[in-house]
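Examination of the molecular architecture
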Amino acid sequence: MAPQWTVAMACDDAGVGYKNKIKADFEADPRVKAVVDVGSHGSDDKTPYPTRAAAAARKVASGEADRALLICGTGLGVAIAANKIKGIRAVTAHDPFSVERSVKSNNAQVLCMGERVIGIELARKLASDWLDHVFDPESASAKKVDEITALEKDM
């Protein structure tokens, strides 16, 4: 059984619709202890996606949140920005297998999606499924994740 998660959420103006719908799903989900919404809160808010993605990723890096879900037009920009925060492994995933493997193989704490790329019902399903995936630190992937983490020493 998956733990109860504190999930940070962020988006830019291109992701507000999906963020708000998935946020409502999370707030009604017993697997989610809390949602920390760092914005944007409306499509008229033009705060750039790197600002929002970094704010959510910092919540994860500091331990304030367990995971983060980020949404922009494609999911690519928020992933790039989130990955600039030390300790963060962010991925863009729009299919069930990639969402699962992002956690189980890569211990990614941040899932990114694009509102202009997939439909809302698939996005909601992927976000829900994501809550069930847990990284096994004893798995064959653990050494690879350790190697990824070691790369940060070069920064």
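A brief report on the enclosed structure follows. (Residues numbered from 1 in each chain as written. Predicted model: local features only at pLDDT ≥ 70, side-chain atom pairs only at ≥ 80, totals over all residues. Heavy atoms only, no water.)

Turning to the overall build of the protein chain, a few remarks are in order. On a plain count of helices and strands, the protein chain comes out with six helices and five strands. Ordering the α and β elements of the protein chain from the N terminus gives β-α-β-α-β-α-β-α-β-α-α. Computed over its C-alpha atoms, the radius of gyration of the protein chain comes to 14 Å, within 12% of the 15 Å expected for a compact globule of 155 residues. The buried share of the protein chain, reckoned over its 155 residues, is 47%. Here the contacts in the protein chain between residues at least 6 apart in sequence split such that 70% fall between residues at least 24 apart. With the model as given, the accessible surface of the protein chain reaches about 7700 Å², and the carbon-plus-sulfur share is 53%. A distance of 2 Å separates the average location of the 21 positive side-chain charges in the protein chain from that of its 22 negative side-chain charges. (Helix = DSSP H or I, 4+ residues; strand = E, 2+ residues; numbered from the N terminus. Rg over C-alpha atoms; globule rule 2.2 N^0.38 Å. Buried < 20%, exposed > 50% of the residue type's maximum accessible area, 1.4 Å probe, protein only. Contact = heavy atoms within 4.5 Å. Areas by Shrake-Rupley, 256 points an atom, 1.4 Å probe, with all protein chains shown as cover. Lys, Arg positive; Asp, Glu negative; His and termini not counted. Charge placed at Lys NZ, Arg CZ, Asp CG, Glu CD.)

Moving on: the environment of A82. Mapping A82 onto the fold places it in helix α3 (residues 76-82). With 27 residues separating them along the chain, A82 and A55 place their C-alpha atoms 8.4 Å apart. Beyond its immediate sequence surroundings of up to four residues, A82 is in contact with A53, A57, L70, I88, A90 and V110.

What follows covers the packing of aromatic side chains. This structure, assessed with the given rule, holds one aromatic pair. Considering the side-chain rings of F26 and W130, the 6.4 Å spacing of their centres and the 25° angle between planes classify their relative orientation as stacked. Taken as a pair, F26 in helix α1 (residues 16-27) and W130 in helix α5 (residues 120-130) lie far apart in primary sequence, 104 residues in all. Accessibility assignment for this pair places F26 and W130 in one class, buried. If you follow R67 out to its NZ or CZ, it ends over the ring of W5, 3.9 Å from the centre. Sitting over the ring of W130, R67 keeps its end group 5.1 Å from the ring centre. (Phe/Tyr/Trp six-rings, centres within 6.5 Å; stacked < 30°, edge-to-face > 60°. Lys NZ or Arg CZ within 6 Å of the ring centre and 35° of its normal.)

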